[in-house]
Amino acid sequence: MDLTPFRIFFVLLMLFVGGIQVASAVSEEYQLDMRWGGPYDTMVHFDTPYHVAVDTAGDIYVVDDNHVKKCTANGTFVTRWGGPDGYVGASPGWFDGATAIAVDRAGYVYVSDSGNRRIQKFTSTGTFVSQWGPDGAGDAQLLAPGGLALDLTGNVYVLDNASVKKFTSTGTFITAWGGRASDGEPGKFMSAGNLAVDGAGYIYVTDESDQSAYSDRIQKFSSDGTLIAIWAIVQDEDDVHYNMVAAGIGVDAAGNVYVTYDHRVHKYSSSGAFIAEWENFGRGDGQFLVPTGVAVDTLGNVYVLDTDLDRGQTFTSDGTFVARWGSTSGGFRDGQFESPCGIALDGAGTVYVADRDNHRIQKFASDGAFVTKWGSWGEGIDLDGTYVQAPAGQFAYPYGVEVDTAGNVYVADRNNHRIQKFSSTGTFITEWGGYEWSTDGYFRWPVAVAIDSDGYVYVVDRDAKCVKKFTSAGTFVTKWGTTGTANGQFWYPQGIAVDRAGNVYVTDSNRVQKFTSTGTFVTKWGSAGTGNGLFNSPWGITVDRDGFVYVADFCNERVQKFTSNGTFITAIGIRDPSGVYPESPSDVAIDSAGNVYVASYNHDIQKFRPTGPVVTTFPGGSGAPTDTDVDGKYDDVNGNGRADFADVVLYFNQMAWISANEPVAAFDYNENGRIDFADVVWLFNQL
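So, a few notes on the structure that sits alongside this text. (Residues numbered from 1 in each chain as written. Predicted model: local features only at pLDDT ≥ 70, side-chain atom pairs only at ≥ 80, totals over all residues. Heavy atoms only, no water.)

**A few points about a nonpolar patch on the surface**
A cluster of nonpolar residues, Ile 381, Leu 383 and Val 388, forms a patch on the protein surface that exposes about 240 Å² of accessible area. Counting through the fold element by element, Leu 383 comes out in strand β30 (residues 381-383). Accessibility expressed as a relative area gives 45% for Leu 383, which makes it partly exposed. (Patch = residues over 30% accessible without salt bridge, like charges linked within 9 Å, V, L, I, M, F, W, Y side chains within 5 Å. Areas by Shrake-Rupley, 256 points an atom, 1.4 Å probe, with all protein chains shown as cover. Salt bridge = Lys/Arg side-chain N within 4 Å of Asp/Glu carboxyl O. Helix = DSSP H or I, 4+ residues; strand = E, 2+ residues; numbered from the N terminus. Buried < 20%, exposed > 50% of the residue type's maximum accessible area, 1.4 Å probe, protein only.)

**Looking at unusual backbone geometry**
It is generally the case that most residues other than glycine have a negative phi and that most peptide bonds are trans. Phi is positive for Trp 445, which is not a glycine, with a value near 75°. If you trace the backbone, Trp 445 turns up in the loop between β35 (428-433) and β36 (446-451). The class of Trp 445 is partly exposed, set by a relative accessible area of 26%. Even without a glycine there, the phi angle at Ser 509 is positive, about 45°. Relative to the elements of secondary structure, Ser 509 occurs in the loop between β41 (504-508) and β42 (512-515).

**Side note on the packing of aromatic side chains**
A full pass over the atoms with the stated rule returns 46 aromatic pairs. The cationic tip of Lys 220 hangs over the ring face of Tyr 202; the distance from NZ or CZ to the ring centre is 4.6 Å. Looking at Lys 561, its charged tip hangs above the ring of Phe 548, at a distance of 4.7 Å from the centre. (Phe/Tyr/Trp six-rings, centres within 6.5 Å; stacked < 30°, edge-to-face > 60°. Lys NZ or Arg CZ within 6 Å of the ring centre and 35° of its normal.)

**Points about the pairing of strand β17 (residues 227-232)**
Note: strand β16 (residues 217-221) against β17, 5 bridges, orientation antiparallel. Residue pairing across strands places Arg 217 opposite Ala 232, the latter belonging to β17. (Pairing = 2+ DSSP bridges.)

**Considering the environment of Gly 82**
With respect to the secondary-structure elements, Gly 82 resides in strand β5 (residues 77-82). Along the primary structure Gly 82 and Val 68 are separated by 14 residues, whereas in three dimensions their C-alpha atoms are 6.5 Å apart. If sequence neighbours within four positions are ignored, Gly 82 has contacts with Asn 66, His 67, Gly 93 and Phe 95. (Contact = heavy atoms within 4.5 Å.)

**Considering the pattern of salt bridges**
For the structure shown, the criterion picks out 20 salt bridges. The shortest N-O distance in the salt bridge between Arg 217 and Asp 207 comes to 2.9 Å. Of this pair, Arg 217 sits in strand β16 while Asp 207 sits in strand β15 (residues 203-207); the two residues are 10 residues apart in sequence, bridging distant segments of the chain. Asp 207 matches Arg 217 in its accessibility class, with the two residues each being buried. When the shortest N-O distance is used, the salt bridge between Asp 676 and Arg 674 registers 3.2 Å. Salt bridges here are not isolated pairs; linked through shared partners, they connect Arg 264, Glu 277 and Glu 279.

Laid out in structure tokens, this is it:
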């Protein structure tokens, strides 16, 4: 039909006089389309790993929070045993203070169960075999067994009550030596920590002494307890990190001794000559925070646990990094996450994720295919009052990420108190910020970043309780916010987004606040609770092209969708498909098709697609509106199963209602983001 808009308007105006009908409410639903990342059921996870052993097949055994966990050399989980998580016990196979582990050549596993004052023996799969250690302080008794090692004939050496005690593989007592040292006497122990046995049967024991000549020392004994040698652990004057005593010890087939100490590994000859030091304080590959257990396999590979980082690392005998294995609960390989906190999409639908605890940015196609990554751990430090920033391109807990219209990527590098800007491939462009409480342009924990259509960059400075605005080059423009809960104040600001009109939305302490681009308060919504429109720790926030606001409601495990003035529309429950794992969404992003991408603390990304609006029957209609040609536009407004002129009439009568009762996507036929007369024209022209 070739009718002019004026003719359409005249006909509809006449019909409009007949009265306005009332339509029912519309809500929108979403369906999980795909997910990538965790949970990582095939990867070994640690809570507080302390001691490690390796069998002849190369499988790794770790004592971790009153459990034994077994994995392959690449970290693939094999099995675990011990009591339920969080429980201790005295039954066979349970532990109360498991402190050390060793594996013999036949594959039997021995564990020091300190709280139960015993040694337990298992098969390589965790089947209980036997135990020994009657409670007591005598030579053949065990009071608080700690360090544990085996010789090639299967004899078991246990550190207990300031002594080394030797048993057969079945627990028969053989001999003991040592005793409590009062002033660092050779052959006795001040605070023996761990021990190892070399291929010739010599025993090496880490110990503390208050004699300066032997402070933090290694004592070497023959298999019958004769003292052979003693040497001090080499120390540096600048040893300022964490534990200052030897934590773990291992010996290779050549008799070289490896000792974990402070944030490093020392290597000595069997006679105590210092050979090398692997010192690298940090969280990256090959770095340490608190290295504890150390073991060496038959090929000379060195396995080091890090209690603070909940992981193990493998090195060659000269300290070259080989592999990393284990994590707290997430993953560190390409496409895996460890507590992702930020997510953003560019115009092409490419997904960027701030992988917080892996200290990197990962880039994916819209279907989750891994594209690239960049970044590694690096944290600035305060040296005598002068803040020294980490190198460009390194991160210390990146929280927020955003992409501008040119494809540049901005990262809120929280613990480095800065914003870093990169190309879409990860090439560093610039940075700004630094550690400062009150100076404009500096930050105290920037956690979120947003960019408006003019390229201005907005940053949530969480500890400073404000929003700061910059040019795309980092020039400071303005800021707003003070500490408090009144309008325009912030208590715990966490997320930020900007709509097409330049309005700024900030999540803050169970509410959303809306501002103009210069910081003038506009409105707010939300309070603490679990009902629709209520929040329990809202984190990330975003706005789609139609102005709808999506909030990651962290502790309520959902994303809530609102109009731009805070009217609740719908909620998307965020859970693992199995229903087992709570997700705790940390951030949310929307693509041009309306798909919702959610980053969750369960170490994954979930993508939801809209399934279309759920519309009930209009009064006077014959059914719910339908999409007759399945193009996403609901042209059968009155629900009679076909598109006809009655739909045009009903649509025209309800324009105001559709505009006020979101969502408009199903009825915004010309896709200009609003309900207007042009949509009436479109609907009429389809007849």
